[in-house]
Amino acid sequence: MTDTGSDSMHPGLTITVYRVDPETMKRTPVYSRSLSPADEPVFSLAFPPCRCFRCTKGG
């Protein structure tokens, strides 16, 4: 990834899963993962992005 100086503005994505106590509504973190920004934008709604000929050619 080319350093454009925007990494501090777009640090990536953090996903956290919590366990919630239904009586007190207290959140307890169970799992957390941080993902860095993508090298290029994704142009497909498929997950993971599909790389077949039809999808990459916009068909």
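If you're wondering where the values come from, they're calculated on a predicted model, not measured in any experiment.

**A word on the overall build of the chain**
Of regular secondary structure, the chain possesses one helix and two strands. Within the chain, the fraction of its 59 residues that count as buried is 0%. In the chain, of all internal contacts separated by at least 6 residues, the share reaching a separation of at least 24 is 22%. Accessible surface, the chain as shown: approximately 5800 Å² in total, 57% of it carbon and sulfur.

**Re the pairing of strand β2 (residues 27–35)**
Taken together, the eight bridges between strand β1 (residues 13–20) and β2 define a ladder with antiparallel strand orientation. By the bridge assignment, Tyr18 is partnered in β2 with Pro29.

**Brief notes about the packing of aromatic side chains**
A full pass over the atoms with the stated rule returns zero aromatic pairs. Over the face of the ring belonging to Tyr18 we find Arg27, whose NZ or CZ atom lies 4.4 Å from the ring centre.

Cut-off values and rules
- Residues numbered from 1 in each chain as written.
- Predicted model: local features only at pLDDT ≥ 70, side-chain atom pairs only at ≥ 80, totals over all residues.
- Heavy atoms only, no water.
- Helix = DSSP H or I, 4+ residues; strand = E, 2+ residues; numbered from the N terminus.
- Buried < 20%, exposed > 50% of the residue type's maximum accessible area, 1.4 Å probe, protein only.
- Contact = heavy atoms within 4.5 Å.
- Areas by Shrake-Rupley, 256 points an atom, 1.4 Å probe, with all protein chains shown as cover.
- Pairing = 2+ DSSP bridges.
- Phe/Tyr/Trp six-rings, centres within 6.5 Å; stacked < 30°, edge-to-face > 60°.
- Lys NZ or Arg CZ within 6 Å of the ring centre and 35° of its normal.

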